[in-house]
Each structure stands twice: as C-alpha cells, then as structure tokens.
Amino acid sequence: MDNNFKAYNQAAEILKALAHPVRLCIIRGLMEKKQCNVSYMQECLDLPQSTVSQHLQKLRSAGIVEAERNGLEINYRIVDEKIRKLVTALFEEEQA
C-alpha cells in the first residue's frame, strides 16, 4: 500500500465535502465574489438560512472555506487555491 495514504484520505474528504450541488454552487459563488455572508448566499440559492449554514459548516470542517467575523456579519471565503482549480476544471465547458 502507498505510504501516502493520509494524502488520499484528505483528498477524499475534500471531494466528499464538495459532492453536493448546493456546496458546489456556494464555492462557485465564493470564487466569483471572493467573500460572502450567509444572507447573500441564502438569497442567491433561495434556501433557508439553516440549510445554507449546514452546508457551510461541512465546507468549513473540510478546510475548504473559513469564516471571518466582521461586526455582526460573518463572511466566508475559500481557503485553498486547489479548490478553485478543481471546481474550475469541473465547469470548464460551461466557461468556454
């Protein structure tokens, strides 16, 4: 077995966290806007805030996004450049 099994495990966790249409949509939105708060995402996605928050928590747990408090508002942004590359590759045909 490969000694780098930990890296495979981390990659699988990231892919699992991204493997949902809403989470992919959140990531694409963050790629466009750089950072965003839950209220804005909720309006864009037309989903309850609790649902958006659950998806963001999964993305945070996987280390894909991070939250930054700004007064009462919490803004989210993508942490890892690899995520941008991965999602860009998934939607290449759409952008062509």
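Residue positions are given per chain, counted from 1 along the sequence in the order it is written. Under the rules for a predicted model, residues below a pLDDT of 70 receive no local features and side-chain atom pairs below 80 are neither given nor counted, while totals for whole chains, interfaces and linings still include all residues. Here the side-chain values reflect all heavy atoms present in the structure, with hydrogen atoms and water set aside.

**Side note on the overall build of the chain**
(1) Moving on: Only DSSP runs of H or I covering at least 4 residues are called helices, and only runs of E covering at least 2 are called strands; the numbering of each starts at the N terminus. Per the secondary structure count, the chain includes 6 helices and 3 strands.
(2) Moving on: Structurally, the chain occupies a C-alpha span of about 50 × 35 × 20 Å along its principal axes.
(3) Moving on: By definition in these notes, contact holds between two residues if any of their heavy atoms fall within 4.5 Å. Long-range contacts, defined here as pairs at least 24 residues apart, represent 55% of the contacts in the chain between residues at least 6 apart.
(4) Moving on: For the chain, the exposed surface amounts to about 6,700 Å²; the carbon and sulfur share of it is 49%.
(5) Moving on: Each charge sign in the chain was given a centre, from 13 positive and 13 negative side chains, and these centres are 5 Å apart. Working definition of accessibility: Shrake-Rupley area with a 1.4 Å probe, residue cover restricted to the visible protein chains. The charge count includes Lys and Arg as positive and Asp and Glu as negative, but it does not include His or the ends of the chains. The location of each charge is read from NZ of Lys, CZ of Arg, CG of Asp or CD of Glu.

**Looking at the nonpolar core**
(1) Moving on: Joining through side-chain atoms within 4.5 Å is the link that ties buried Ala, Val, Leu, Ile, Met, Phe, Trp, Tyr and Cys residues into a set, and such a set is a nonpolar core. Note on exposure labels: buried denotes an accessible area under 20% of the residue type's maximum, exposed denotes more than 50%, and partly exposed covers the range between, all computed with a 1.4 Å probe on protein chains only. Core analysis: the largest hydrophobic core is formed by 23 residues, its most contacted members being Leu18, Ile26, Ile27, Leu30, Met41, Ile64 and Ile83.
(2) Moving on: At the level of elements, α1 (5–18), α2 (21–33), α3 (38–45), α4 (49–61), β3 (73–78) and α5 (81–90) are the ones that each hand at least two residues to this core.
(3) Moving on: Among the elements that make up this core, the one with the highest residue count is α2 (6 residues).
(4) Moving on: Setting aside anything within four residues of it in sequence, one finds Leu30 in contact with Gln35, Cys36, Met41, Val65, Tyr76, Arg77, Ile78 and Arg84.

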